[in-house]
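# Coordinate inspection notes
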Amino acid sequence: MSDLSEGDTDISESCDMNELYVWPWMGVVANVPVQWNDGRYVGQSGSVLRDKLRKEGFNPVRVIPLWNFKGHSGYAIIEFKREWLGLYDALRFEKAYEARHQGFRDYFGDEENAKKLYGWVARDGDFHSGNVVGDYLQKHGDLKSIGQCQKEEQIKNSKLLSQLENTIDAKNRNLKDMENKYKETSISLSSVISEKDEMVQAFNEERRKLQQSASDQLQKVLQDHGRITMELEVQRKKLEQEEQELEEREAQNENENLRLNHEKKQNEMAILELKRADEKMLLLGEEHKREKEKLQRKMIDLERELDAKQALKLEIQRLTGNLQVVKHMGDDGDMSEKFLSIKQELEEKEEELQHLDQLSQALIIKERKSNDELQEARKELINEMKDVSARVSIGVKRMGELSSNAFIPAAKRMYKGSEPGLRAVELCSQWDSRIRDSNWHPLKIIEIEGGKRHKTILNEEDEELTVLRNELGEEAYEAVTTALMEVNEYNPSGRYVVRELWNNKEKRRATLKEGIAYIIKQWSALKNKRR
């Protein structure tokens, strides 16, 4: 606790020096608003009360709400600074609340104190009150009078003064010892300086002799150096000539090695390309063979079905003709019997033809159902593989999607100094909007195979495509035109991105069989890994 200042002296003059206060200095706030909630009383937090008191200029350190078994008790303790300034703030707080009729006496004498806060400085009565306030004060403070605090501070200051005097005496003794040591060191230093001067003189004499000896030695070394330099010059010229010959030989050998390595790489690349071509041709051959066999089987089945239906129709026509002939020949008994026989056979043939038609219709419905199931399975497979990395062999490609990577070279070239990634995204977004615009149709239809078939191609004379190629370059042009062709193939009406099962290795639409085989392969690998 620091000494009493002028303001603190006013406190000691206006207060009873023997009155007991709770120290560290504390105040009591009573009648804090509370309300009943979920079986207990709740009220304002200590920080809210502390901020309110600080705004009023009373400088509390903190405010602690007091709780009991019913919840918030409606009381709070204010902690002030431990110095005399803390007591000064506490007394100002008490006087201010007394002036507003919200002091200690007002709290216990005011019967209508429902909505006002009351406050005072914690004293002996509060300390021994026996309620939640007294419990807190006894646990966290002690009772002291202002006179007692002054005496304790005087004792503390006298002890501190005594310690400082002892420290100063010790420092003076050390200073005297250091002065004596300094005198001794000065005498010793003078002796050392004298010895040093003698040593310097002896050193200078020795150095002069060494310099003379070094000069003589240097002269001899220079003479030897001249002779050795001439010998080395002759040797250098000889080595340069040999080095030039070696370099010529190495250049010849290096050119020969480069030629051989180039031929070797060309041969390896040719062999690899040939191997790839053979593998691709083999796969294409097998696929073509399977498709051809499948087509032949379908053609044979259709031919059989057509032949059967045609034969049945001819038989029906023949029987119908015979039936007409029998009708015209009259009512002869043999003719009548023959007529009934032909009519019965005709009815059997018509039932057989009807049965064949029903069977054909059932096969068509079954084929459509199988195709629908295959399409549903393909959609389900695409949905399950939509998050698979694009680096795997079989994955899902977003047909018609435009990537900003294709615009990065153009962005670097057009916007120097700016962030190329951000500029590329802006360009990509601009051209993606053009692709989704159904009013822009830079495509044209041409006839092929003598007009038997039609094919959709890019209209390279389109004005916007020409601007795209000239301003942004081939990479951006290829990306935009590829996305256009994909959208035209997969979703020409809506022009939005469509997911498709894709063979990333061969850059083509993957079959359902390839997708299922890839899933089974991954499942087997995962199963083996778990084992």
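In what follows, the structure referred to is the one given above.
Calculation rules
- Residues numbered from 1 in each chain as written.
- Predicted model: local features only at pLDDT ≥ 70, side-chain atom pairs only at ≥ 80, totals over all residues.
- Heavy atoms only, no water.
- Buried < 20%, exposed > 50% of the residue type's maximum accessible area, 1.4 Å probe, protein only.
- Helix = DSSP H or I, 4+ residues; strand = E, 2+ residues; numbered from the N terminus.
- Arc of directions from axis to C-beta.
- Contact = heavy atoms within 4.5 Å.
- Polar contact = N/O pair within 3.5 Å; in protein donor to acceptor, adjacent residues only side chain to side chain.
- Axes fitted to C-alpha atoms, helices over the stretch in contact; angles between N-to-C directions.
- Nonpolar A, V, L, I, M, F, W, Y, C, P; charged D, E, K, R; others polar.
- Parallel < 35°, antiparallel > 145°, perpendicular 65-115°, else oblique.
- Left-handed = near helix turned anticlockwise from the far one by under 90°.
- Pairing = 2+ DSSP bridges.
- Salt bridge = Lys/Arg side-chain N within 4 Å of Asp/Glu carboxyl O.
- Lys, Arg positive; Asp, Glu negative; His and termini not counted.

So, about helix H11 (residues 463-472). All buried positions along H11 are accounted for by Leu465, Leu468 and Leu472. The arc enclosing the buried residues of H11, seen along the axis, measures out at 70 degrees, which places them on a common side. Opposite the buried face of H11, by more than 90 degrees, sit the exposed residues Glu463 and Asn470. Its buried side turned inward, H11 meets helix H9 (408-414), helix H10 (420-436), strand S11 (453-458) and helix H12 (474-490). Near the N-terminus of H11, the side chain that reaches the backbone nitrogen of Glu464, with its oxygen 3.1 Å away, is that of Asp462.

This part takes up the packing of H11 against H12. In the contact formed by H11 and H12, the axes pass within 7 Å of each other and the chain directions differ by 150 degrees. For the pair H11 and H12, the contacting residues are Leu465, Leu468, Arg469 and Leu472 in the first and Glu474, Ala476, Tyr477, Val480, Thr481 and Leu484 in the second. Looking at the contact of H11 with H12 residue by residue, the classes come out as 7 nonpolar, 1 polar and 2 charged.

Attention now moves to the side chain of Lys144. Here Lys144 shows up in strand S8 (residues 142-145). Lys144 gets classed as buried once you look at its relative accessible area, which sits at 13%.

What follows deals with the packing of H10 against H11. One can describe the packing of H10 onto H11 by two numbers: an axis separation of 13 Å at closest approach and a directional angle of 165 degrees. One element, H10, and the other, H11, form an angle in the roughly antiparallel class. Handedness of the H10/H11 crossing: left-handed. For the pair formed by H10 and H11, the contact residues are Leu427, Trp431 and Arg434 on the first element and Glu464, Leu468 and Leu472 on the second.

Right, let's talk about the pairing of strand S4 (residues 40-43) for a bit. Two strands pair when backbone bridges link them, and strand S3 (residues 34-37) and S4 are joined in this way by 4 bridges, in the antiparallel orientation. Bridge pairing in S4 links Gln35 to Val42. Linking two consecutive strands that pair antiparallel, namely S3 and S4, is a turn of 2 residues; a positive phi of about 55 degrees is found at Asp38 within it.

The subject of this paragraph is the environment of Ile316. By the secondary structure assignment, Ile316 is in helix H7 (residues 146-328). Note on Ile316: relative accessible area 11%, which makes it buried. Distance from Ile316 to Glu345, taken between C-alpha atoms, is 8.7 Å for residues 29 residues apart in sequence. Setting aside residues up to four positions removed in sequence, Ile316 forms contacts with Leu346, Lys349, Glu350 and Leu353.

Here we come to the pattern of salt bridges. Enumeration according to the criterion identifies 20 salt bridges in this entry. The salt bridge partner of Arg423 is Glu426, with a shortest N-O separation of 3.5 Å. One end of the pair is Arg423 and the other is Glu426, both in helix H10 and 3 residues apart, which spans about a single turn. On the basis of relative accessibility, which here comes to 28%, the residue Arg423 falls in the partly exposed class. With a relative accessible area of 42%, Glu426 lands in the partly exposed category. Via salt bridges that share partners, Glu19, Glu94 and Arg123 belong to a single interconnected network.

This part is about the side chain of Asp462. You can see Asp462 is positioned in the loop between S11 and H11. No salt bridge is formed by the buried Asp462, whose closest oppositely charged neighbour, Arg434, lies at an N-O distance of 7.0 Å.

Let us look at the sheet that holds strand S12 (residues 498-503). The strand order S9-S12-S13 describes an open sheet built from 3 strands, whose pairing is antiparallel. The sheet terminates laterally at strand S9 (394-399) and strand S13 (508-509), the two strands that pair on one side only. Of the strand pairs in this sheet, S12 and S13 are connected by 2 bridges, and their pairing is antiparallel. Directly across from Asn503, in S13, lies its bridge partner Arg508.

So, to be careful, I would describe these as geometric facts and stop short of saying anything about function.
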